[in-house]
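Next come the chains, spelled out residue by residue.
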Amino acid sequence: MRTPKKSALRPTSRPAVRRGDDEIWPRVTRELADDLAFDAPVRDRAGKPPFDEVARLREAGLPGLLTPPGASGRGADWRAACAVIREISAADGSIGELLAHHYVLAWSARFLGGGEPPAPGASPHAAFEDGTAREGRLLAGGVEPSRTSGERAREGERELSLTPTRGGHVLDGRRSFPSGVTVADRLVVGARCTETGDLLVVLVDPADPAVFVEAGAERVGQRLAGAGTVTFDQVRVDARHILGSLPRDEHAVAPFTTLAPLALRLLLVHVGLGIAEGALAEARDVSRATRAAPPTTDHGAGEHDHAFGQDDPYLLLAYGELATAAHAAAAVVERATDALARGLGAGRALGVEDRADIAVLVAAAEAVTSRAAVRITTRILELVDTTAPADAPGGGPGFDRFWRNARALTAQSSATHRLRDIGDHYLHGTRPGLRLLA
């Protein structure tokens, strides 16, 4: 990431439409990242719902990036999506997280279909994907319950349920979501059918008068991710808005379907890696500016040359250690990304062992990156002057946002648990536990 600069990119009401394989994507992403980085500290302090940020995403056309290729010709691969998430997160981790959830939910129909592309025509799956890309819709939500029944009760949540009625279902319940719900165009949620017990995944319009969205309490980090709580009060769901179902027996689910939580976890790893790389790059730029700053005293020329012409060996050591940590994490993440991309490309041919191998690589990426992100974002606070004015060469307010975002993001998963799963797989060949959807 480069030093933030103001971009000419400004939000408009119409989403950009570009082909998924268009070579313009890297440049568009870079310009948007520069635009977000320019006012990131100010926006972070304000902590407002990210309506303006979502408008910038639409202006760049990024919500439709990952929509699978079809008659419209849209759709990039997962490697491209991961690269976009990583660069956006280097500028603003909250927006990277928001986009990560959107990308996985945009593939809901594919995951639920076991890897089969939606049938062309007027099928609900095809209409869902086409509408998401064509209208630049931002998706938010989630499928599996985020808490146990006891925790839900303490937080005032109610398990989402779907009661069959003529021509559809009625959705009822209350649940918190970590990202996007305060600004989403559509919600993708999972709820238990009261008749069959199966988990149904449905599409809901948050503008429905029976849907109530409350912004989440102020968070330590990732404050612009759009977290909140949604109450569904007898919401009517038409049959055409049911994206798919999952049986109670997880062993009856296709291995491809179980890649959904791995895809989300890996995209969030890219968010963490982007936060670390963005923090390190900005700290480097500040340190360079400090070294190049003019003297503040009346020293002679010789004294000035001595003060600013030699590098502090401890500073070089610190940056060397942090850069190496970032490089190591990136190498592990890239390997997991390649494995996931191959698994997603395999479709129904994906086997159980293949899925297990991908899960281990994703867990390794999580463990390495979470520790690196926290270490890097903590250490840079010691390398720059965080008390100086914003326009001072030594830095200014705002560097703490990287640390806060990294802590908030990595608190969602435990590196210890991931390492234990990796060790069990390496030593005994045990497959990591399955989760149907994230």
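The residue numbers shown here count from 1 along each chain, following its written sequence. Restriction of local features to residues with pLDDT of at least 70 applies here, the model being predicted, together with a cutoff of 80 or more for giving and counting side-chain atom pairs; totals for whole chains, interfaces and linings are based on all residues. Only hydrogens and water are set aside when side-chain values are computed; all heavy atoms of the structure are taken into account.

Visitor: I'm lost on the packing of helix α1 (residues 25-38) against helix α3 (residues 51-60) in this one. Help?
Guide: Where α1 contacts α3, the two axes come as close as 10 Å, and the packing angle between them is 160 degrees. The angle between α1 and α3 places the two elements in the roughly antiparallel class. Between α1 and α3 lies a crossing of right-handed hand. In this structure, α1 uses Trp-25, Val-28, Leu-32, Asp-35 and Leu-36 to contact α3, whose residues at the interface are Glu-53, Arg-56, Leu-57 and Ala-60. Where helices are involved, their axes are fitted lines through C-alpha atoms of the stretch in contact, as for all axes, and angles between N-to-C directions lie from 0 to 180°. Numbering of helices and strands runs from the N terminus; a helix is a DSSP stretch of H or I covering at least four residues, while a strand is a stretch of E covering at least two. Orientation is classified from the angle alone, with under 35 degrees giving roughly parallel, over 145 giving roughly antiparallel, 65 to 115 giving roughly perpendicular, and any other angle giving oblique. By definition, turning the near helix anticlockwise from the far helix through less than a right angle yields a left-handed crossing, and turning it clockwise yields a right-handed one. Any two residues whose heavy atoms approach within 4.5 Å at even a single point are treated as in contact.

Visitor: Got a minute to help me understand the pairing of strand β2 (residues 158-165) in this structure?
Guide: Looking down a regular strand, the side chains alternate between one sheet face and the other. Each pair of strands is called paired provided DSSP finds at least two bridges between the two strands. In this sheet, strand β3 (residues 168-177) lies alongside β2 in antiparallel orientation, the contact comprising six bridges. Paired with Ser-161 across the two strands is Asp-172, which belongs to β3. Connecting β2 to the antiparallel partner β3 that follows it, the hairpin turn spans two residues, and Gly-167 within it adopts a positive phi of roughly 85 degrees. Bridge analysis of β2 against strand β4 (residues 186-193) gives two bridges, and the strand direction is parallel. For Leu-162, the partnering residue across the bridge sits in β4 and is Cys-193.

Visitor: How should helix α14 (residues 415-428) be read in this particular structure?
Guide: Side chains three or four residues apart in an α-helix point the same way, a direct result of the helix having 3.6 residues per turn. A helix is expected to span 1.5 Å multiplied by its residue count minus one. For α14, built from 14 residues, the straight-helix expectation of 20 Å at 1.5 Å per residue is met to within 8% by its first-to-last C-alpha distance of 20 Å. When α14 is considered as a whole, its buried residues turn out to be Ala-415, Arg-418, Ile-422 and His-425. Along the axis of α14, the buried residues cluster in a sector spanning 95 degrees; they form a single face. Of the exposed residues in α14, those oriented more than 90 degrees away from the buried face are Thr-416, Arg-420, Leu-427 and His-428. Just beyond α14, the residue with positive phi is Gly-429, at close to 75 degrees. Three exposure classes are used, based on accessible area relative to the maximum for each residue type with a 1.4 Å probe and protein chains only: buried under 20%, partly exposed in between, and exposed over 50%. Each direction from the helix axis to a C-beta atom contributes to the arc, which is the arc of those directions.

Visitor: What should I look at first to understand α1 in this one?
Guide: In this model α1 runs 20 Å from its N-terminal to its C-terminal C-alpha over 14 residues, within 8% of the 20 Å that 1.5 Å per residue would give. Considered for burial, the residues of α1 that qualify are Trp-25, Val-28, Thr-29, Leu-32, Ala-33, Asp-34, Asp-35, Leu-36 and Ala-37. For α1, the secondary structure elements touched by its buried residues are α2 (40-46), α3, α4 (78-91) and α5 (93-106).

Visitor: Would you mind going over the nonpolar core with me for this structure?
Guide: For soluble globular proteins, the rule of thumb is that nonpolar side chains tend to be buried together. For the purposes of this section, nonpolar cores are sets of buried Ala, Val, Leu, Ile, Met, Phe, Trp, Tyr and Cys residues that join through side-chain atoms within 4.5 Å. Counting 75 residues, the largest nonpolar core has Leu-62, Trp-78, Tyr-103, Phe-111 and Leu-259 as its most contacted members. Counting only elements with at least two residues in this core, the list comes to α1, α3, α4, α5, α9 (259-292), α11 (313-346), α12 (352-383) and α13 (400-410). When residues in this core are grouped by element, the largest group, 17 residues, is from α9. Setting aside its immediate chain neighbours within four residues, Tyr-103 contacts Leu-62, Pro-63, Leu-65, Leu-66, Trp-78, Ala-81, Val-84, Ile-85 and Leu-267. Judged by nonpolar contacts, the second largest core, of 21 residues, contains Leu-160, Leu-162, Ala-191 and Leu-200.

Visitor: Would you mind going over the pairing of β4 with me for this structure?
Guide: With seven of eight residues buried, β4 lies mostly within the body of the structure. Sheet topology note: the strand β1 (residues 139-142)/β4 ladder contains four bridges and is parallel. Its bridge partner being in β4, Ala-140 is matched across the sheet by Leu-187. As defined by bridge partners, β4 adjoins strand β5 (residues 199-204) across six bridges and the pair is classed as antiparallel. The residue of β5 that forms the bridge with Ala-191 is Leu-200.

Visitor: What exactly am I supposed to notice about the environment of Ser-94 here?
Guide: Considering the arrangement of structural elements, one finds Ser-94 in helix α5. By relative accessible area, Ser-94 is classed as buried at 1%. Residues contacting Ser-94, with those up to four places away along its chain left out, are Gln-222, Arg-223, Leu-224, Ala-225 and Asn-405.

Visitor: What's the story with the environment of Gly-343 in this structure? I'm lost.
Guide: Considering the arrangement of structural elements, one finds Gly-343 in helix α11. Residues Gly-343 and Pro-255, spaced 88 residues apart in sequence, show a C-alpha to C-alpha distance of 9.6 Å. The residues contacting Gly-343, other than those within four sequence positions of it, are Phe-256, Leu-259, Leu-350 and Ile-358.

Visitor: Could you clarify how one ought to interpret the packing of aromatic side chains in this entry?
Guide: Two aromatic rings are characterised by how far apart their centres lie and by the angle between their planes. By convention, a stacked pair of Phe, Tyr or Trp rings (six-membered ring in the case of Trp) has centres within 6.5 Å and planes under 30 degrees apart, an edge-to-face pair has planes over 60 apart, and any other such pair is tilted. According to the stated counting rule, one finds five aromatic pairs in the structure shown. Note on Trp-78 and Phe-111: the rings are 6.4 Å apart at their centroids and 55 degrees apart in plane angle, and the pair reads as tilted. Taken together, the residues span a long stretch of sequence, with Trp-78 in helix α4 and Phe-111 in helix α6 (residues 108-112) at a distance of 33 residues. Residue class for Trp-78 comes out buried when judged on its relative accessible area of 5%. On the basis of an interplanar angle of 55 degrees and a centroid distance of 5.8 Å, the ring pair of Trp-107 and Phe-111 is categorised as tilted. As far as the burial class goes, Trp-107 and Phe-111 line up, both buried. Through pairs of rings, three or more aromatic residues link up here, namely Trp-78, Trp-107, Phe-111 and Phe-256.

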